[in-house]
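# Structure assessment
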Amino acid sequence: MGHDTPKTKQPDLSGARVQNKDRDMGTALRSIYQKTVEESVPDEMLDLLGKLD
């Protein structure tokens, strides 16, 4: 039985657009990671860690 199912239209993304999106995503992730690394540890967290010793 051959049912004709309507095909969903795929977005027309060229390779260059995909590469640009990937590059932008990578840049955003690196920026967020760097900001997180540079954050100081809250005093409350340091106090809790000190109690583990």
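Everything in this summary refers to the structure shown in the same document. All values derive from a computational prediction rather than experimental measurement.

## Quick look at the overall build of the protein chain
Tallying secondary structure elements over the protein chain gives 2 helices and 0 strands in all. Here the protein chain, with 53 residues, has 2% of them falling under the buried criterion. Entry remark: accessible area of the protein chain is about 5600 Å², with carbon and sulfur atoms responsible for 57%.

## Let's talk about a nonpolar patch on the surface
A cluster of nonpolar residues, Val41, Met45, Leu46, Leu48, Leu49 and Leu52, forms a patch on the protein surface that exposes about 590 Å² of accessible area. In this fold, Leu52 is placed in the segment after helix 2 (43-51).

## Remarks on the pattern of salt bridges
Counted according to the given criterion, the structure contains 1 salt bridge. For Asp24, the salt bridge is made with Arg23, and the minimal N-O distance between the two is 3.5 Å. Judged by its relative accessible area of 45%, Asp24 falls in the partly exposed class.

Conventions we followed
- Just so you know, the residues in each chain are numbered from 1, in the order the chain's sequence is written.
- Where local features are concerned, this predicted model is filtered to residues with pLDDT of at least 70; where side-chain atom pairs are given and counted, the filter is 80 or more; whole-chain, interface and lining totals use all residues.
- To get the side-chain values, all heavy atoms of the structure are used, and hydrogens and water are removed first.
- To qualify as a helix, a DSSP run of H or I must reach at least 4 residues; to qualify as a strand, a run of E must reach at least 2; elements of each kind are numbered from the N terminus.
- Buried means the residue's accessible area, taken with a 1.4 Å probe over protein chains only, is under 20% of the maximum for its type, while exposed means over 50%, and partly exposed covers the values in between.
- Only the protein chains shown count as cover for residues, and all accessible areas are computed by the Shrake-Rupley method using a 1.4 Å probe.
- Each patch is built from residues that are more than 30% exposed by relative accessible area and take part in no salt bridge. Like charges join if they lie within 9 Å; nonpolar side chains (Val, Leu, Ile, Met, Phe, Trp, Tyr) join within 5 Å.
- Salt bridge, as used here, is a side-chain nitrogen of Lys or Arg placed within 4 Å of a carboxyl oxygen of Asp or Glu.

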